[in-house]
Structures are given as C-alpha cells and as structure tokens.
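Analysis of the macromolecular model
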Amino acid sequence: MNHKISQFSFKYGALIFIALVLVFFSLYNEYFFTYSNLMDILRSISILTFVAIGVTISLTVDGFDLSVGSTVSLTTVTTATMMIWYQMPLVLVIVVPLVIGALVGLLNAFLIVKVRIPDLLATLAVMYIVSGIHKTYTKGYSVYNNMQFQDGTKAPGVMNPHFLWIGQGKLLGVPFPVILMIVAVIGAHIFFKYTRQGRQTTMTGGNEEAARLSGVRVKRIRTWAYVASGVFAAIGGILYTARVGSGQIDAGAPMLMDSVAAVFVGYSVFGAGRPNIIGTFVGAVLTGVLINGLTMLHVQYYTTDIIKGAVLVLALAVTFIHLSRKKT
Amino acid sequence: MNGNTLTMAGIGKSFSGVRALQGVDFTVAGGEVHALLGANGAGKSTLMKILSGAYETDEGEIRINGERLDIRSPSDAKRAGIHCVYQEVDTSLIAHLSVAENIMLDRLASPKGSAWLRWGNLHREAGEALARVGSRIPTRKRADELTLAEKQIVLLARLLVEEAKFVILDEPTAPLSLEEAERLFGIMNGLKKAGIGIVFISHRLPEVTRVSDRITVMRDGRVVLSEPAAGMQAGDIVRAMLGRSFEEEFPKTDAPIGDTLLEVKGLTAGHRVKGVDLTVREGEVVAVVGLVGAGKTELSRLLFGADPADQGEVALEGRKVASAAPADAVRSGIVLVPEERRKEGIFVGSSVLHNLSLPILKSLARFSFISGPGERRHAEDMIGRLGIKTPSPGQLTGFLSGGNQQKVAIGKWMSTDAKVFLFDEPTKGVDVGAKRDIFRIIGELARQGKGIVYLTCEFAEALGLADRILVMCDGRIVKQFARGEATQEDLLLYASAGREDLK
C-alpha cells in the first residue's frame, strides 16, 4: 500500500501539484484563470523553455551544461548590436547568433569529449569566458535603439519591427513565441521518441560504454548534444531580444538555474527518473504558474525564489527517494 | 619459526541455499608457505574471504595457537594479525601519497600516538621495512609512480610494519613478469624467515610446487588433497583439481567449415596480449581457453576495436579491418558479446525492445524515423527465436534473469550482417537452461556460416563446443588442439604452465 502511494506520487505528483496550484490561484484571483493570463504565463516561459530543452539534451547524455546562461546573454547582445550598431539584414541577425551558440557548444564538446575535462568544470570555465566576451563586446552597456556611445555619437540603427514581431506578435490570437515553444517541445519530443539519432542519444546517456560496444559513435553523439544545447540557448537569446526590444546585459544569468530547475522537476513527471522533454516543459510551466500567481498575491519577486527552491527540493526528494527504493 | 599456528576447522558457508564450502579444514604454520589451489568456483576465494573477514562463516571455527577467534570484519582479522594482499594492489594504496606514508598507513590512521607527524622517523622506519624485504624503493616516491611489482613490495613492507602473523597472497604473480616473480619469491622467503605464515594462491603450477612447503587443493567447496609439496607432481595436482567431474552435455551441432573469415597476425597490446595469431573460418567455432587473467578479455576487446592495439593486423575476408572504434568493427562485420554483461553488454535501464534494436536502427528507420511496428516485430521475433523469457518487449532489461539478459546481449547482434561473433565468457552467471539455449544459438550461427570465437575459462565448455581450441597463457597462445585431441587435464596443464615450460 505504502509502496503504491510512493509509486503514484512519483508518477503523477508533479502534475497533481500543478493542478492544485492552478486551482488555488484561480480561487484566489478571478483574473488568474483567463485566456489572456494563461497566454501571458506561457509567453513568459517560452524563452526559459528553449534554454531548458538544450539543458535536457545535454543532460540526456549525462553532461551538465553550465554555459547556457552566458550563451543566452552573448546571443542577446549580439542580436541587438547586429541591428542597432551594424544595421544587418534580418537573416543575418538570426543566423549569426545561432552560429555563435553552436560554436560555444563545439568548444564545450571539445573540452569534454576530446580533452576529457569533467563536464561541470569545462562548462563552468566556458561560462566565464562567454560571459566575459559578452560584457567586453558591449563594454558593459546594454544595447538599445539609437543608444549613445561614450564618445557622444549615437548608434545608427533601431530594432527591426519584423524582428520584434517574433517576440511580441500574435498569430491567430496566440503569442508567436508560444507557438515557437510548442513546436520546439513537440519537435524535440518526437526527436527523442521516434528518431534513430534520438534513440542513440538516450542510449548513450543510459550507459556510454554499452552504447560504444554496440557500435554507437558515442563521441559524435555527445558532441552534437552540446552543440544542440548551445543552439537552443542561442534561440533563447534571440527571443529575449525580440521580447524586450533591446540587448540587456547579463540577460541570461538567471536562465541557467531556472532551466536546470525545470529539467529536474521534469525528472519526476510520469515517473521518468531521467531527463525528458515533456517533463522539462511541465517544469517550465510550473515555474511560470508559480511566479505569475505569486505576483498576483503581491509576493515580492525576491521571495518567489524561496518558493521555487522549495518546489525543486520537493520534486527532487520524490524522484530520488523513489529511485533509491527501486534499486534495493 | 615463532610457532604460530592458524587453524580453520569444519568451515561451512552457503549463499542463498547453495553450499559454497563444506567441512573445510585448513592449517597454516608460521614460517611456511601453504599453497591453496582449485579451479574457478572451487571455493578457495570464499575460504580466504572468511579468513580475512570479508565474509562471516556459517559453521566451523578459526583458532590461532589454539585460541578461538571471532572474525566478523576485515579489521577483526587484521587485529588478529591476518592480512591479505589482493591482486588489485591499487585498491590498497593511496596513489598521491609517498611510499613511506603508504607503508606506515596504519600508524598514521591510528587514533593512538602523537598528533604530529615526524617525517624523519616516518621515512626511516619505512626505509627499514623496505630493507627487510630487500628493496631499495625511494620512500619519498609517490605511490602512483611505482610499477606494479613495486606496489606489491610496498604492501609486503607494510605487512612487516603492521606485524602480520599470517598473510594471504591472492594470485600475486599473475600480473608479474618472470624476473619480477622471482624477486617476489625472494621477498616471500624473507617473510618466511620473519616467521610469517603465507597462504599462496596461484594458477601457475610450476612455481607453486617450487616455492610452497605444503599444497592444499579444493574442489566443489571441499578439500580434496592436502600434502607436503615435496615430491608432488603437477599432474597429480591437476587431477585433484578436476576430479572426475561429470562432463556436461553440450549439443555440438555440425556445421560445414568454409573459407577463412578472420585472420589475425601478431596482435599486441601492453602486457596482457603479446603477439596473438588467430584464424577463424566460416562455420567454425574456435575456443580460446585460459585461466582468469590470461588476457582473453583483452584479446576480445582488441579484436572488436574497443581498445587500441599497439601492433598487429586484423583482416576479415582478406580485407584489413581498421578497428579504431567498435563502430568500425561492427560495420566490417565483427561483433562482441562482452564479459561484463550488465555494464557493457546491455542497457539495464532500457527496455528489451530498445536493447535489441540499437545496432540495427538504421535498417528499422526510414529518413531517420524509427518504424514502431517494425521495431516491435523485430523484437518479438528475436524474443521467440532466442527463447528470451520476458513478460513483454517493453520490460526493463535489468529485471530479467542473468541468462535472459545474456540472450538480449547476443540477440542485438543477430540481425546485423556480422560475420564473426566474439563471445567472452558468455555462460558466466547463467543458469543451466539458458546455457543450453546459448550453445544452441552458437550452433545455429555456425550453421549459417558465421565464424565464432569463444573465449572461456570453462574448459569443459570448450571441449564440448569447439572445432579448435587455442590455449592462452600470459597473453600468448601457447598451444592448439583440434577437436577431440585434448582433455581437460591437457588444457589446464598448458593454461597454467606458462610458456617457460614448453620449450
């Protein structure tokens, strides 16, 4: 009986918890459970979800990527400066940050797969490097329309309105970033569930040596996972710029921990016990719901961190109690 | 001699109902070398684990000089003066500490004594202990800079410092070269003179008869022979080790033998594989037998490209195989069923379905999308063909029994175009029924014209299954037998004699 309860809470605990939170906030504030507020929540987590998908992919091959936050920061300011400083065409504005994200991923992969530095240490170092680059590049200033430089001259460009639509526009009444997010979640889920490379990635994370001895080219798989992580962080950075309409310095700093938290909450969804895309999405939704609801309760933003941390502890406790029971 | 005597009397031990030891008597006197021999699974390591405190005995008693001991943990054994030097010396040394610190480790770890380290004394005492075993390893050298033989010497010097009365040496010569082994025997002599009683476990019979004072042979959990070493012949020992153990029934299916498939020349890697030549033909089952540590696993990993080779060539159907990685070997048609099943052969956390399809995802997928029904059909077909007992293809492989896990590890290669199958100890930890299934599968593969390399330390299996048997010892193939030419005695003799006695 006891066993059954633990089984059940492990599988559906996170979902039930979200449902309870939704009910609670809806009862408390009638505005909460409205279409526009729910869309607001989804839009607020769309950037986080992209970053978290990247973290999920790298964690799937057992590799922690700490550099995603600073990659978001770097690509955010790159996107903004490409328009405001250099007035580049829209295609380049989007492609260049993606390439940068891929390069950061390649650097991580090189250090981890080739040089064999442990993942946490390598990506920690890269986190510092990338963060330093993004501040050096902008000399520590945020980038906004026609910004004034230190020598008194003004930046020639402004944000491209088509570009801003990516982050602020709506399609059939649904915010465009939400559509992008849903497409990405479904795409990534299909990738892991139904494609050859996705399966090989999961298996490599399950047991790298067994995968290698099954003829899987594990180094290639791990390399691509870090590259994917960097690219998803870059998409997050682009969306960030499009959403706020400027290139904020250190924009990605809080993204790292929020995305990691979302992924770990996702461990407990449907009893997966390992990184999974749907779980990550649920984790991100939970984050968004909590912040939105607590803000309505007039809880200060700095206090919400306590609640986020507590929720993470709860999810991790359920997951790991269950996993250690399963072993014995 | 100091007259210490260690007596184990009527020792019995069972593991989940299976008797591992039964009424074993064993005596070691101070200042004697007592060799303990037996085939794999005879019970000698269980007995020594009881003596060193790793296991608790179910029945019987252990006495030193008539005084009863209660050994429940390794520290109990150490307090009584019983020490064990395991084959994996690295587990007993702290790599980044100096030789002196490693020798004096117990003193350093003990809560008694001064809180301050006196480096001068430490190095002096460690140096004295080393001198007593006739070694001059610098005491300030770091442990991880030592050779394997030097590490053993450090452990033996530690025994002197800890005032051991009895020492168990578990296959100390297996990883050593001949000169290094000679030096070790010199040190053992020194320990003998210090009045220490030595239990010597080894598979190399010539050295056993030479350095031991007394020899005890175990089989099936009992002592079958215990006599002074003087005058004993290697042949007697081998007979005692094997006994008239029943020959199991191995259904050898006849398969026509065709052209040469696999040709290996001068394959070498480190100390474990030294210039191995090997050919396998279509439909042929070639067994490579050898004792544990002979280099069989290393050989199989080299052939599969899992480890890099220093020298040598592997050719399949006349074409050279560039085995930089297992993926290359698989592509050219060589596959391995590894010994460490749960770690290397299968994914315990994944379903049987996913395990079976991993190597053939390419053929199951179209435009990289895996066909769900196709994958399921393949798995169900394979489960039926190999007789894998699982409630459903979706079952996690970790929940299957050992034999069924092994069938999954084999089954994942069955649908590939592999031409050569390497099996490394495929029957380890497998029940009799599954064993028979595995032999049937191997016979079926041979009939399909596949080449089989069967690496095992179970001689009876090799005799029953193989068309040709190669005996491996110390990384070399020392002898070849055709089917029906060899007996278990022959195989054991060549596997344990080593090269020096063949010339």
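Residues numbered from 1 in each chain as written. Chains lettered and ligands numbered in written order. Predicted model: local features only at pLDDT ≥ 70, side-chain atom pairs only at ≥ 80, totals over all residues.

As recorded in an unreviewed UniProt entry, chain A goes by the name ABC transporter permease, listed as coming from Cohnella zeiphila. Within the UniProt record for chain A, the comment given under Subcellular location (unreviewed entry) is "Cell membrane". (UniProt positions renumbered as here; feature names shortened; annotations may be inferred.)

Some details on the overall build of chain A
Scanning chain A from N- to C-terminus turns up 13 helices and two strands. Radius of gyration (C-alpha) of chain A: 20 Å, near the 20 Å computed for a compact globule of 328 residues. A principal-axis box enclosing the C-alpha atoms of chain A has dimensions of 70 × 55 × 35 Å. The burial tally for chain A puts 45% of its 328 residues in the buried class. Of the contacts formed within chain A by residues at least 6 apart in sequence, a portion of 76% connects residues at least 24 apart. (Helix = DSSP H or I, 4+ residues; strand = E, 2+ residues; numbered from the N terminus. Rg over C-alpha atoms; globule rule 2.2 N^0.38 Å. Buried ≥ 20, exposed ≤ 12 C-beta atoms within 10 Å, placed from the backbone. Contact = placed C-beta atoms within 7 Å.)

What about the overall build of chain B?
What chain B contains, in helices and strands, is 19 helices and 22 strands. By residue count, 49% of the 503 residues in chain B fall in the buried class. Here the analysis covers contacts within chain B between residues at least 6 apart in sequence; of these, 69% occur between residues at least 24 apart.

What to know about the pairing of strand 16 (residues 334-337) of chain B
Residues and elements named next belong to chain B. Covered by surrounding structure in strand 16 are Ile334 and Leu336 together with Val335 and Val337, the residues of both alternating faces. Where strand 16 lies against strand 19 (residues 420-424), four bridges are found, and the strand directions are parallel. The residue of strand 19 that forms the bridge with Val337 is Phe423. (Pairing = 2+ DSSP bridges.)

What about the sheet that holds strand 11 (residues 260-269) of chain B?
Residue and element names in this part refer to chain B. The four strands lie next to each other as 12-11-14-15, forming an open sheet whose pairing is antiparallel. The outermost strands of the open sheet, each flanked by one partner alone, are strand 12 (273-281) and strand 15 (319-320). Where strand 11 meets strand 14 (residues 311-316), five bridges bridge the pair, whose relative direction is antiparallel. By the bridge assignment, Lys265 is partnered in strand 14 with Glu313.

Concerning the interface of chain B and chain A
Contacts between chain B and chain A engage 24 residues on the former and 17 residues on the latter. Going through the elements one at a time, helix 11 (326-332), helix 12 (341-345), helix 14 (361-364) and strand 18 (369-370) of chain B are the ones with two or more residues in the side of chain B that touches chain A. Split into classes, the residues belonging to the side of chain B that touches chain A amount to 15 nonpolar, five polar and four charged. (Nonpolar A, V, L, I, M, F, W, Y, C, P; charged D, E, K, R; others polar.)

Details of helix 7 (residues 178-193) of chain B
All names here are of chain B. Over its 16 residues, helix 7 runs 23 Å from end to end, which matches the ideal 22 Å to within 8%, given 1.5 Å per residue. Within the sequence span of helix 7, burial applies to Ala181, Leu184, Met188 and Leu191. End-on view of helix 7: buried residues confined to an arc of 60 degrees, all on one side of the axis. Along helix 7, exposed side chains directed more than 90 degrees from the buried face belong to Glu179, Glu182, Gly186 and Lys193. Elements that come into contact with the buried residues of helix 7 comprise strand 3 (33-38), helix 6 (148-161), strand 7 (166-170), strand 8 (197-201) and helix 8 (205-211). Gly195 sits one or two residues past helix 7 and shows a positive phi near 85 degrees. (Expected span 1.5 Å × (residues − 1). Arc of directions from axis to C-beta.)

Regarding the sheet that holds strand 21 (residues 468-473) of chain B
All names here are of chain B. What the six strands build is an open sheet, ordered 16-19-20-13-21-22; its pairing is mixed. Two strands close off the open sheet at either side, each with one partner strand: strand 16 and strand 22 (476-482). Across the sheet, the mean angle from the axis of one strand to that of its neighbour is 20 degrees, orientation sign disregarded. When strand 13 (residues 285-289) meets strand 21, the two strands line up parallel, connected through four bridges. What sits directly across from Ala287, in strand 21, is Ile469. Here helix 10 (residues 296-303) sits on the sheet and contacts strand 13, strand 16, strand 19, strand 20 (451-456) and strand 21; the angle it forms with strand 19, its principal contact strand, is near 150 degrees. (Axes fitted to C-alpha atoms, helices over the stretch in contact; angles between N-to-C directions.)

Let's talk about the nonpolar core
Judged by nonpolar contacts, the single largest core of 237 residues is most densely connected at Val51 of chain A together with Val289, Leu422 and Tyr454 of chain B. Sorting elements by how many residues they give to this core places helix 10 (residues 218-244) of chain A first, with 15 residues. Non-local contacts of Val289 of chain B, meaning those with residues more than four positions away in its chain, are made with Thr456, Cys457, Phe459, Ala462, Ile469, Val471, Met472, Leu491 and Ala495 of chain B. (Core = buried A, V, L, I, M, F, W, Y, C linked by C-beta atoms within 7 Å.)

Some details on the packing of helix 11 (residues 253-267) of chain A against helix 12 (residues 277-296) of chain A
Helix-helix packing is described using two parameters, namely the angle between the two axes and the distance between the axes. Residue and element names in this part refer to chain A. Their axes nearest at 7 Å, the elements helix 11 and helix 12 cross at an angle of 120 degrees. Considering the angle they form, helix 11 stands oblique to helix 12. Judged by the sense of rotation from one axis to the other, the crossing of helix 11 with helix 12 is right-handed. When helix 11 is examined against helix 12, the residues Asp258, Ala261, Ala262, Val263, Val265, Gly266 and Tyr267 are found in contact with a partner set consisting of Gly279, Thr280, Val282, Gly283, Ala284, Leu286 and Thr287. (Parallel < 35°, antiparallel > 145°, perpendicular 65-115°, else oblique. Left-handed = near helix turned anticlockwise from the far one by under 90°.)

Brief notes about the pairing of strand 3 of chain B
All names here are of chain B. Counting buried positions over the six residues of strand 3 gives six, a clear majority of the element. In strand 3, alternate side chains face the same way, and those of Val33, Ala35 and Leu37 on one face and His34, Leu36 and Gly38 on the other are all buried. Pairing of strand 3 with strand 8, which is carried by four bridges, proceeds in the parallel orientation. Each residue of the ladder has a partner; that of Val33, found in strand 8, is Ile198. Pairing analysis gives five bridges linking strand 3 to strand 9 (residues 214-219), with the strands arranged parallel.

Side note on the domain arrangement of chain B
Residue and element names in this part refer to chain B. Segmentation of chain B into domains returns domain 1 (5-242), domain 2 (246-333 + 418-503) and domain 3 (345-416). When each unit is reduced to the centre of its C-alpha atoms, the spacing between domain 1 and domain 2 is 33 Å. Taken together, the 12 residues of domain 1 in the interface contact 13 residues of domain 2. Among the elements of the structure, helix 8 and helix 9 (234-242) are those that each provide at least two residues to the side of domain 1 that touches domain 2. (Domains from an automatic or database assignment.)

A closer look at the confidence of the model for chain B
Considering every residue of chain B, the mean pLDDT works out to 85; 95% of them sit at 70 or more. Predicted confidence is poor over residues 499-503 of chain B, with pLDDT under 50, and the contacts of this stretch with residues over four places away or in other chains come to eight contacts. (pLDDT = per-residue confidence, 0-100.)

Examining the environment of Val208 of chain B
Residues and elements named next belong to chain B. Structurally, Val208 can be placed in helix 8. As a C-alpha pair, Val208 and Ala229 span 21 residues in sequence and 8.6 Å in three-dimensional space. Once residues lying within four places of it in the same chain are set aside, the contact partners of Val208 are Ala35, Leu37, Ser202 and Ile215.

Here we look at the environment of Phe439 of chain B
All names here are of chain B. Here Phe439 is to be found in helix 17 (residues 432-447). Phe439 sits in the buried class, given 23 other C-beta atoms within 10 Å. Separated by 25 residues in the primary sequence, Phe439 and Gly464 have C-alpha atoms spaced 9.8 Å apart.

Comments concerning unusual backbone geometry
Even without being glycine, Gln87 of chain A reaches a positive phi, approximately 50 degrees. Structurally, the position occupied by Gln87 of chain A is in the loop between helix 3 (68-84) and helix 4 (90-114). Despite not being glycine, Glu163 of chain B has its phi angle at roughly 55 degrees, a positive value. Following the sequence through the fold, Glu163 of chain B ends up in the loop between helix 6 and strand 7.

Re the packing of helix 3 of chain A against helix 11 of chain A
Residues and elements named next belong to chain A. In the contact formed by helix 3 and helix 11, the axes pass within 7 Å of each other and the chain directions differ by 140 degrees. By the angle between their axes, helix 3 is oblique relative to helix 11. Taken as a pair, helix 3 and helix 11 cross one another with a handedness that is right-handed. Note on element contacts: helix 11 touches helix 3 through Ala253, Met255, Leu256 and Ser259, opposite Val68, Gly69, Val72 and Ser73. Classifying every residue of the contact of helix 3 with helix 11 by side-chain character gives five nonpolar, three polar and no charged.

Some words on the environment of Leu108 of chain B
Within the secondary structure, Leu108 of chain B is located in helix 4 (residues 105-109). Linking Leu108 of chain B and Arg132 of chain B, residues 24 residues apart in sequence, is a C-alpha distance of 21 Å.

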